[in-house]
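Structural features, examined
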Amino acid sequence: MNAVVLSLFLGGLALCITCGRSLLWALAFGLLCFMGQALWRGVPVHRIMVLCVQGLRRLGNILTIFVLIGMLTAVWRAAGTIPYIIHHCLPLVDPAHFPLGVFLLCSLLSLLLGTSFGTASTLGVVFMLLARTAGLDPLVTAGAVMSGIYVGDRCSPMSSSAALVCALTGTSIHDNVRLMWRASFLPFLLACLAYALLPAAPAGGGLPAVGLFFADGLVPDAWSLLPAAFMLVPLFFRLEVKKIMLGSILAGCAVSLAVQQMPFPALLHCLVCGYEPPAGLEILSGGGLLSMVPVAGIVVLTSAYAGLMEATGLMAGVTAIGRKLARRLGAFRTTVLAAIPVAAVSCNQTLGIILTRQLCGPLWTDPRRMMLPLEDGIVLLAALIPWSIAGSVPCAILGVGASCLPYAFYLYFVPLADLLLRRD
């Protein structure tokens with residue numbers, strides 16, 4: 001029966017991916033399948049409801065963070081924060097070391113925003129335009145972008161995936177960020193070295209002048225950096241992330257109203273539905289509370305699975321295989337390796353994080369120690385799966401295929417360092 005239920009669930013996922021439908025349909029179908037299996041095993045209906053609710057108990061904090069992330073990514077666009085940072089950072093890129101500059105600047109913006117897609121759709125698009133205009137290799141450039149956007153997606157305090165890992169492991173985001181940087185410092189340096197050694201601009205060549213790339217329709221004012229300052233300064237005092245994000249949102253609203261002269265009704269619409277830029281600035285569109293609804297839906301549905309899977313023993317066989325592997329490789333390496341098939345099946349970071357936690361949780365006596373292998377495994381490796389949302393969407397935004405992924409050094413340098421250098 002377990003094999004039948006899992007086959008139905010995986011078949012639903014495959015059908016949604018093939019037909020281009022939202023994964024929410026497959027997850028809702030999977031929840032019905034798991035409920036049906038519980039009923040077949042004799043679990044009462046009221047007990048099934050209790051098990052589902054138990055899986056949702058820890059979601060209040062993460063759903064609040066999702067709401068704040070959606071509004072934050074919108075208001076940073078409306079206030080001119082993102083275009084101001086991009087415009088003033090582009091002249092710092094050395095044409096002779098273009099891939100390195102791409103990697104570092106995408107890392108910086110993704111750390112500020114905490115979103116890979118938001119960084120790819122703004123700074124990443126600009127770098128691809130520059131590379132194609134200057135005759136540089138678009139695959140190398142796209143690979144550097146892919147690496148940089150996932151530096152922040154992995155270890156930014158504003159990352160939704162980092163917030164989800166915190167909720168599932170009962171850890172602190174500030175402690176996690178410190179541990180993640182310590183663990184990935186060497187891979188980050190190696191990625192920098194690799195990009196520095198790659199060929200960039202031809203001899204005597206240079207980058208085209210971008211000019212005021214985002215100037216039309218937005219006021220390039222230094223006040224636009226105020227929301228970013230509200231994000232950076234409080235971090236040094238280890239304030240709660242939700243308070244930091246709320247302060248940045250309020251600062252962004254003030255700048256949008258006072259500097260960008262945005263009408264108040266338009267600002268409210270922006271916070272909810274996302275930023276709608278003037279003509280010619282379409283790459284700035286996005287964000288908003290509604291943009292986080294699909295992610296929140298995935299978290300809600302998959303969190304409801306947890307209690308049902310435990311009660312029905314659905315994952316008992318897979319967990320048994322994991323225990324045998326952990327005895328030979330250790331729980332850390334086993335959790336990282338488990339991310340590969342989970343990412344291939346789930347096609348989504350959020351679902352992958354929850355499933356990996358569910359599969360490998362029994363291998364750990366202290367669930368808090370799962371944080372690092374989850375971040376180094378599923379969060380990064382999902383982006384290397386060509387059909388995964390984490391990999392396919394940024395590649396589509398950049399206008400390239402999966403052939404750029406071999407140049408996304410950071411994405412596999414970090415997991416490789418774990419597999420080769422970890423002692424536990």
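Residues numbered from 1 in each chain as written. Predicted model: local features only at pLDDT ≥ 70, side-chain atom pairs only at ≥ 80, totals over all residues. Heavy atoms only, no water.

Quick look at the packing of helix 7 (residues 116-134) against helix 20 (residues 389-398) now. Contact pair helix 7 / helix 20: the axes reach a minimum separation of 8 Å and the direction vectors enclose 40 degrees. With respect to helix 20, the axis of helix 7 lies oblique. By crossing handedness, the relation of helix 7 to helix 20 is classed as right-handed. Here helix 7 contributes Phe117, Ala120, Ser121, Gly124, Val125, Met128 and Arg132 to the contact with helix 20, which in turn contributes Ile389, Ala390, Val393, Pro394, Ile397 and Leu398. For the contact of helix 7 with helix 20, a count of residues per class yields 10 nonpolar, two polar and one charged. (Axes fitted to C-alpha atoms, helices over the stretch in contact; angles between N-to-C directions. Helix = DSSP H or I, 4+ residues; strand = E, 2+ residues; numbered from the N terminus. Parallel < 35°, antiparallel > 145°, perpendicular 65-115°, else oblique. Left-handed = near helix turned anticlockwise from the far one by under 90°. Contact = heavy atoms within 4.5 Å. Nonpolar A, V, L, I, M, F, W, Y, C, P; charged D, E, K, R; others polar.)

With that out of the way, let us pick up the packing of helix 10 (residues 173-197) against helix 21 (residues 409-421). Where helix 10 contacts helix 21, the axes come no closer than 9 Å and their chain directions differ by 135 degrees. Taken together, the axes of helix 10 and helix 21 are oblique relative to one another. Our pair here, helix 10 against helix 21, has a crossing hand that is right-handed. Facing Ser184, Leu186, Pro187, Phe188, Leu190, Ala191, Ala194 and Tyr195 of helix 10, the residues of helix 21 in contact are Phe409, Tyr410, Phe413, Val414, Ala417 and Leu421. A per-class count over the contact of helix 10 with helix 21 returns 13 nonpolar, one polar and no charged.

Turning next to a nonpolar patch on the surface. On the surface, a nonpolar cluster with roughly 730 Å² of combined accessible area is contributed by Leu186, Leu190, Leu193, Leu197, Leu416, Leu420 and Leu421. For the nonpolar patch, the secondary structure elements donating two or more residues are helix 10 and helix 21. For the nonpolar patch, the leading source of residues is helix 10, giving four residues. Inspection of the secondary structure assignment puts Leu193 in helix 10. (Patch = residues over 30% accessible without salt bridge, like charges linked within 9 Å, V, L, I, M, F, W, Y side chains within 5 Å. Areas by Shrake-Rupley, 256 points an atom, 1.4 Å probe, with all protein chains shown as cover. Salt bridge = Lys/Arg side-chain N within 4 Å of Asp/Glu carboxyl O.)

A word on the packing of aromatic side chains. Tallied over the entire structure, the rule returns 10 aromatic pairs. For the pair Tyr412 and Phe413, a centre-to-centre distance of 5.6 Å together with 85 degrees between the ring planes defines the contact as edge-to-face. Owing to a relative accessible area of 22%, Tyr412 belongs among the partly exposed residues under this scheme. Taken together, the ring pairs in this structure connect Phe103, Trp181, Phe188, Tyr195, Phe409, Tyr410, Tyr412 and Phe413 into an aromatic cluster. (Phe/Tyr/Trp six-rings, centres within 6.5 Å; stacked < 30°, edge-to-face > 60°. Buried < 20%, exposed > 50% of the residue type's maximum accessible area, 1.4 Å probe, protein only.)

This part is about the nonpolar core. Among the nonpolar cores identified, the biggest contains 136 residues, and Trp76, Phe103, Phe127, Met146 and Leu308 are the most heavily contacted of them. The biggest single contributor to this core is helix 4 (residues 59-78), with 11 residues. Setting aside chain neighbours within four positions, we find Met146 in contact with Ala383, Ala390, Gly391, Pro394, Cys395, Cys404, Leu405, Ala408 and Leu411. (Core = buried A, V, L, I, M, F, W, Y, C linked by side-chain atoms within 4.5 Å.)

Further remarks concern the environment of Leu411. In this fold, Leu411 is placed in helix 21. Spatially, the C-alpha atoms of Leu411 and Ala382 are 9.2 Å apart, while their sequence positions differ by 29 residues. Those residues in contact with Leu411 that lie beyond four places of it in its chain are Met146, Ser147, Tyr150, Leu380, Leu381, Ala383 and Leu384.

Next up on the list: the pattern of salt bridges. Under the counting rule described, the total for this entry stands at three salt bridges. Asp376 is paired through a salt bridge with Arg154; the nearest N and O atoms lie 2.7 Å apart. Of this pair, Asp376 sits in helix 18 (residues 371-376) while Arg154 sits in helix 8 (residues 138-155), and the two are 222 residues apart along the sequence. Here Asp376 and Arg154 have matching classes, each one buried.

The end-to-end C-alpha distance of helix 12 (residues 241-258), which contains 18 residues, comes to 26 Å, matching closely the 26 Å that a straight helix rising 1.5 Å per residue would cover. Buried within helix 12 we find Val241, Ile244, Met245, Gly247, Ser248, Ile249, Ala251, Gly252, Cys253, Val255 and Ser256. (Expected span 1.5 Å × (residues − 1).)

As a further point, take helix 17 (residues 349-360). The first and last C-alpha atoms of helix 17 sit 16 Å apart over 12 residues, in line with the 16 Å expected at 1.5 Å per residue. Counting buried residues in helix 17 gives 11 out of 12 residues, a clear majority hidden from the surface. Looking at helix 17, one finds that the buried residues are Gln349, Thr350, Leu351, Gly352, Ile353, Ile354, Leu355, Thr356, Arg357, Leu359 and Cys360.

Within the secondary structure, His269 sits in helix 13 (residues 264-273). Taking the relative accessible area as the measure of exposure, His269 reaches 37% and is therefore partly exposed. For the pair His269 and Gly288, spaced 19 residues apart in sequence, the C-alpha to C-alpha distance is 8.5 Å. Contacts of His269, omitting those with residues within four sequence positions, involve Gly274 and Glu276.

Here we take up the environment of Ser291. Here Ser291 shows up in the loop between helix 13 and helix 14 (293-312). You can call Ser291 partly exposed: its relative accessible area is 36%. The sequence separation of Ser291 and Thr73 amounts to 218 residues, and the corresponding C-alpha distance is 9.7 Å.

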